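# Fold and geometry: a report
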Amino acid sequence: MTWDEVIELGQVNDMDGYDWHQVFANKLSVHRDEFYKAAQSGLKPQRIFEVHTFEFDEIKDEKLRYPAGDEGAVYHILRAYDKSNEITELTVT
């Protein structure tokens, strides 16, 4: 993997919405099986990103913006899955 995508993870703040911090990521396709299972629950996963585990705070990070910057689309983090001690997979909708 090349870690060539720049995304932003967002944490809620009390002032004006979200505090964003940039991280490098790998963009992956949503697996067919995962897409259909989520659809049965009324969810629609749109993208999957891999990030370094140390850069993701499962308690505080709620949103993901891609591409990074004000023009990027904002996604809700649907699921975080630790693939290893070093990589966390984020499914967003």
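In this report, the structure presented in the accompanying data block is examined. (Residues numbered from 1 in each chain as written. Predicted model: local features only at pLDDT ≥ 70, side-chain atom pairs only at ≥ 80, totals over all residues. Heavy atoms only, no water.)

## Regarding the nonpolar core
Note the threshold: Here, nonpolar core means buried Ala, Val, Leu, Ile, Met, Phe, Trp, Tyr and Cys residues that are tied together by side-chain atoms lying within 4.5 Å of each other. Relative accessible area decides the class of each residue, using a 1.4 Å probe on protein chains only: under 20% of the type maximum gives buried, over 50% gives exposed, and in between gives partly exposed. Strands here are runs of E lasting at least two residues and helices are runs of H or I lasting at least four, both read from the DSSP assignment and numbered beginning at the N terminus. Residue contacts are defined here by distance: any two heavy atoms, one from each residue, within 4.5 Å place the two residues in contact.
Ranked by internal contacts, the top residues of the largest apolar core, which has 13 residues, are Ile7, Leu9, Phe49, Val51, Leu64, Ile77 and Leu90. Only strand E1 (5–13), strand E2 (17–28), strand E3 (47–52), strand E4 (61–66), strand E5 (73–82) and strand E6 (87–92) provide two or more residues apiece to this core. Contact partners of Ile77, with chain neighbours within four places excluded, come to Leu9, Phe56, Asp61, Glu62, Lys63, Leu64, Leu90, Thr91 and Val92.

## Points about the pairing of E6
Worth spelling out the cut-off: Pairing between strands requires that DSSP locate at least two bridges from one strand to the other.
Counting buried residues in E6 gives five out of six residues, a clear majority hidden from the surface. Relative to E6, E3 is paired through six bridges, and the arrangement is antiparallel. Looking at E6, one finds that Ile48 is bridged to Thr91. Sheet topology note: the E5/E6 ladder contains five bridges and is antiparallel. Following the sheet pairing, Ile77 is matched in E6 by Val92. Taking the residues that link successive antiparallel strands as the turn, the E5-E6 hairpin has four residues.

## Considering the sheet that holds E6
To keep things clear, this is the line we draw: All axes are obtained by fitting lines to C-alpha atoms, using only the stretch in contact for helices, and the reported angles, taken between N-to-C directions, cover 0 to 180 degrees.
What the six strands build is a closed barrel, ordered E1-E2-E3-E6-E5-E4; its pairing is antiparallel. In this sheet, neighbouring strand axes are inclined to one another by 45° on average, regardless of whether the strands run parallel or antiparallel. Pairing of E2 with E3 involves four bridges; the strand directions are antiparallel. In the strand pairing of E3, Leu28 is matched with Ile48.

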